[in-house]
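# Observations on the three-dimensional arrangement
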Amino acid sequence: MASCTQSFQITLVCIFLFMGLCFAGDPFKFFNFEVSYIEASPLGVPQQVIAINGKFPGPTMNVTTNDNVVVNVKNKLDEELLLHWSGVQQKKTTWQDGLPGTNCPIPSRWNWTYQFQVKDQIGSFFYFPSLHFQRASGGFGGITINNRGEIPIPFDFPYDDITIMIGDWYTRNHTALRNTLLAGKDLGKPDGVLINGKGPYRYNDTIVPDGIDYETITVHPGKTYRIRVSNVGISTSLNFRIQNHNLLLAEAEGSYTVQQNYTSLDIHVGQSYSFLITMDQNASSDYYIVASARFVNQSQWQRVTGVGILKYTNSKGKAHGPLPEPPQDEFDKTYSMNQARSIRWNVTASGARPNPQGSFRYGSINVTEIYVIQNKPPTMVDGKRRTTLNGISFVNPKTPIRLADKYKLKGVYKLDFPMAPLTGPPKMETSVINGTYRGFMEVILQNNDTKVHTYHMSGYAFFVVGMDYGVWSNSSRGTYNKWDGIARTTTQVFPGAWTAILVSLDNVGIWNLRTENLDSWFLGQETYIRVVNSEPSNKTEMPMPDNALFCGQLSKLQKPQDISSATSIRGNGSKFIFTMLLLVSAIFSVFH
């Protein structure tokens, strides 16, 4: 047995030496996600939530620029599942985006493995389930992409890194909420706001019932922490603040910002920020962490407030007094818009690469295509209550668009999304934007709804160059910030206002453009941008993964055993390393 063990050890060393020689470049990070239902009571009412590995919210994925990320997903829900890695640009790998336009869903009780590279990215993002309104029941968690060691960060290295998920919450599960929308009704006011999956601290005995579990974040006095905050809710803009502490904004969805202090910051649905917060207060008591609804009647929405506790290790008592006040502008959103305009790109900081972020002079690039995209409040389309962009309510095809392209299927979608709002009655269609590879697109998002919307574009970071009230016109370009507008993946558009973004279409694939307001997204407020290189090459898009799922018109190609092999998108080399790791694991278990 000793000689056998010795032979195994020699074999193991040889395998790792060979792997090290062949794959000495970007490292691999492996995650196993078991997605299932659990019972929880975040607002004191038992309900079904979606957990990752038994946790709600799910674990934070902590990776580094250029890591190859492998996520094996076991779907233990009773319905199909896709996980979307919101803000991860999926460079060359649209196949891994986890949206119905790019991927067939993972059937219930099936296994599927995502693999993608966080190429040339840093920053704070989050993942979530993208089908069937499931995000309303959870299934979300943070994504932290750290700088490589040789790339400096533009501030002193913080003592610790903390992820906070905030969002509005209903005590009805996603199935009930989904059925409400399908019945043509509004969801109504949420039941509360959660902080890291927990309800409010009992700061007021008449508003907050007893027995609710709340979030406590313990910190050391005098230390500076990087706190990453994402709004993972359904449709409510939230104001985030910490009693008696300044929020020094450092990063927004992958871009370092000009560092500015805020007493509070509005974080709209789908947005992520990171702050540097120095624990410079005395420890006579704990301090409130607050996430409260914006642009609502505060007295009517008092119960819809998330409250956690910031606890110094030497704290001498409980938090006390009233909650820190939010901005007092219920009916005037100018304060919030000016706050958004104040967020600027740190053009002198290195990003994920050694060169400064601002070396990309977006303001001097000629625009090749212009889209004015207008949303409206929900309306009836073909007898159903739907939402629209430019008069079109998007219908997800049974065969994903990217798969239809690969197999040259006809009639799955139309490449005719209008460049301006259509006249006439709205219609339900699978209408897609025809993007030009290496083009430079200007998109004006015009919000004709009565609530704030946030818009997200997969595959890219876009430059937010302008926002204002009224109707956008050509003369509005005179107000654009052409130097240090923030580059990010999600931007807010205020009601009765517009936001202009610029994006360089250098990433081949099928990319989702949507409202992050989950109710409006579910009812059709989205489209896709198709970006194709006329000269196909692995240099611009990786091949379809060997473990690709098939559905719709291609269902007959799906074999049950296909999903059991966790193959990767990177070709034979990656398959070899993944297989070797599995082999080593199996051999190791035999000898132990």
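The structure displayed is predicted, hence computed values, not measured ones.

Bringing the pairing of strand β11 (residues 216-219) into the picture now. Residue alternation in β11 divides its side chains into a buried set, Ile217 and Val219, and an unburied set, Thr216 and Thr218. As defined by bridge partners, β11 adjoins strand β19 (residues 305-312) across four bridges and the pair is classed as parallel. Looking at the pairing, Thr216 lines up with Ile309 of β19.

Residue Pro57 follows Phe56 across a cis peptide bond; omega there is -5°. One non-glycine residue with positive phi stands out, namely Phe133, at about 65°. Within the element layout of this structure, Phe133 appears in the loop between β7 (123-129) and β8 (141-146). For Phe133, a relative accessible area of 3% translates into the label buried. Its identity as a non-glycine residue notwithstanding, Asn196 has a phi of 55°, on the positive side. Structurally, the position occupied by Asn196 is in the loop between β10 (192-195) and β11.

With that settled, the discussion passes to the domain arrangement of the chain. For the chain, the domain assignment lists domain 1 (28-342) and domain 2 (364-532). In this structure, domain 1 and domain 2 have C-alpha centres spaced 25 Å apart. Contacts between the two partners involve 50 residues from domain 1 and, on the opposite side, 43 residues from domain 2. Interface area, domain 1 with domain 2, both sides summed: about 3,700 Å², of which 61% is carbon and sulfur. A per-residue breakdown of the area domain 1 buries against domain 2 is headed by Gln89, Trp95 and Met337, which together make up 15% of the total. Scanning the region where domain 1 abuts domain 2 turns up four salt bridges. In this structure, Arg385 and Asp186 form a salt bridge, with 2.6 Å as the shortest nitrogen-oxygen distance. Connecting domain 1 to domain 2 are 21 residue pairs in polar contact (both at pLDDT 80 or more). A total of five residues in the side of domain 1 that touches domain 2 trace back to one element, the largest contributor, which is helix α3 (residues 334-341).

The element strand β27 (residues 462-469) is largely enclosed, with a buried count of six among its eight residues. One ladder, built from two bridges, connects β27 with strand β28 (residues 487-488); its direction is antiparallel. When the bridges of β28 are listed, Phe462 appears paired with Arg488.

Criteria and thresholds
- Position numbers for residues start from 1 in each chain and track the written sequence from start to end.
- For a predicted model such as this one, the threshold for reporting local features is a pLDDT of at least 70, and the threshold for listing and counting side-chain atom pairs is 80 or more; totals across whole chains, interfaces and linings nevertheless cover every residue.
- To obtain the side-chain values, all non-hydrogen atoms of the structure were included, while hydrogens and water were left out.
- Exposure is judged per residue with a 1.4 Å probe applied to protein chains only, and the accessible area is read against the type maximum: over 50% gives exposed, under 20% gives buried, and values in between give partly exposed.
- A run of DSSP states H or I qualifies as a helix once it reaches four residues; a run of E qualifies as a strand once it reaches two. Both are numbered from the N-terminal end.
- Two strands make a pair as long as DSSP finds a minimum of two bridges between them.
- For every domain, the bounds stem from an assignment made automatically or drawn from a database.
- The contact criterion used is simple: two residues touch if any of their non-hydrogen atoms lie within 4.5 Å.
- Here's the idea: put two parts together, see how much 1.4 Å probe accessible area each one loses, and the total over both is what we call buried area.
- A pair is scored as a salt bridge if a Lys or Arg side-chain nitrogen falls within 4 Å of a carboxyl oxygen belonging to Asp or Glu.
- By the criterion applied in these results, polar contacts are pairs of N or O atoms within 3.5 Å in which, for protein atoms, one can donate a hydrogen and the other can accept it, and in which residues neighboring in sequence qualify only through two side-chain atoms.

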